Amino acid sequence: MAEQQSMNYEISSGAYLIVNSEVYQINNALTNLGRKLDNHVVLNDPRVSRNHAQIRMVENHYILLDLNSTGGTMVNGSKISKSVLYSGDTISLAGLEIKFVQDTPRMISKAMERTGPLKNFKLEEMPTLINQDRIDSFPNKQGKDD
């Protein structure tokens, strides 16, 4: 029990799980996933076990462990009991797909090399299209008052 508490300290993380367009930041060195309400990430899917999987931060790497779940755990289509996670990996908990995303300084610098900074970027005003027929269809207030 003491070991679990010591591993549960909060970390500053750029790691996220994306589940059905919901984003969960991984803030702990130990993150539990499952249906049970006391998990860090609660997954309301009947295929997922109550205590399905766990993500641990070990030496700056995220490790996914299956907790003897009924439906199994897969990473990128391969069944696993333990696996190192890399940004872009697809996790499947008994068929529920989860995307693991990690933004690290190295990844950001690689992206900047490919795309470059947005220097000299100017937001120009979009021209407004005027439909004369719509303007003519408005009642002429001055004409009514005359």
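A brief report on the enclosed structure follows.

Parameters at a glance
One numbering rule holds for all chains: residues counted from 1, following each sequence as written. The predicted nature of this model means local features are confined to residues of pLDDT at least 70 and side-chain atom pairs, given and counted, to a pLDDT of 80 or more, with totals for whole chains, interfaces and linings taken over all residues. The basis for every side-chain value is the complete set of non-hydrogen atoms in the structure, without hydrogens or water. Summary of the burial criterion: residues with accessible area below 20% of their type's maximum are buried, those above 50% are exposed, and those between are partly exposed, where the area comes from a 1.4 Å probe applied to protein chains only. Numbering of helices and strands starts at the N terminus; helices are DSSP runs of H or I of at least 4 residues and strands are runs of E of at least 2. Two strands form a pair only when DSSP identifies at least two bridges running between them. Note on definitions: salt bridges are taken to be side-chain nitrogens of Lys or Arg within 4 Å of carboxyl oxygens of Asp or Glu. Side-chain atoms alone can form a polar contact between residues adjacent in sequence; in general such a contact is a pair of N or O atoms within 3.5 Å, and within protein one must be able to donate a hydrogen while the other accepts it. Contacts are residue-level and defined by heavy atoms, with any inter-residue pair within 4.5 Å sufficient.

## Digging into the pairing of strand β1 (residues 15-19)
Alternating positions in β1 separate cleanly, Ala-15, Leu-17 and Val-19 being buried on one face and Tyr-16 and Ile-18 remaining unburied on the opposite face. In this sheet, strand β11 (residues 96-102) lies alongside β1 in antiparallel orientation, the contact comprising four bridges. Within β11, the position partnered with Tyr-16 by the bridge is Val-101. By the bridge criterion, four bridges tie β1 to strand β2 (residues 22-25) in an arrangement that is antiparallel. Paired with Tyr-16 across the two strands is Gln-25, which belongs to β2. Linkage of β1 to β2, two consecutive antiparallel strands, is achieved through a turn of two residues, within which Asn-20 is found at a positive phi near 50°.

## Some remarks on the pairing of strand β6 (residues 61-66)
Within a regular strand, the side chains alternate between the two sheet faces. Of all six residues in β6, five are buried; the element is thus mostly enclosed. The pairing of strand β5 (residues 53-58) with β6 spans six bridges and is classified as antiparallel. Note that in β6 the partner of Val-58 across the bridge is His-61. Joining the antiparallel neighbours β5 and β6 is a turn of two residues, in which Glu-59 adopts a positive phi near 50°. Both β6 and strand β9 (residues 82-85) contribute to a ladder of four bridges, which runs antiparallel.

## Things to note about the pattern of salt bridges
Throughout the structure, instances matching the rule amount to one salt bridge. A salt bridge links Arg-47 to Asp-45; the shortest N-O distance between them is 2.9 Å.

## A short note on the sheet that holds strand β8 (residues 78-79)
Read from one edge of the open sheet, six strands run β2-β1-β11-β10-β7-β8, paired in antiparallel fashion. Among the strands making up the open sheet, the edge pair consists of β2 and β8. Where strand β10 (residues 90-93) lies against β11, four bridges are found, and the strand directions are antiparallel. Bridge assignment links Thr-90 to a residue of β11, and that residue is Lys-99.

## Observations regarding the sheet that holds β5
Backbone hydrogen bonds are what pair the strands of a sheet, in a parallel or an antiparallel way. Taking strand neighbours across the sheet as the criterion, the five strands line up as β4-β3-β5-β6-β9 in an open arrangement whose pairing is mixed. The open sheet is flanked by β4 (41-42) and β9, the only strands paired with a single partner. Pairing analysis gives four bridges linking strand β3 (residues 30-34) to β5, with the strands arranged antiparallel. By the bridge assignment for β5, Leu-30 is matched with Arg-56.

## Focus: the side chain of Ser-92
Turning to its location among the elements, Ser-92 is positioned in strand β10. Of note is the side chain of Ser-92, whose polar atom sits 3.1 Å from the backbone nitrogen of Gly-95. Aside from chain neighbours lying at most four places away, what touches Ser-92 is Gly-72, Thr-73 and Met-74.

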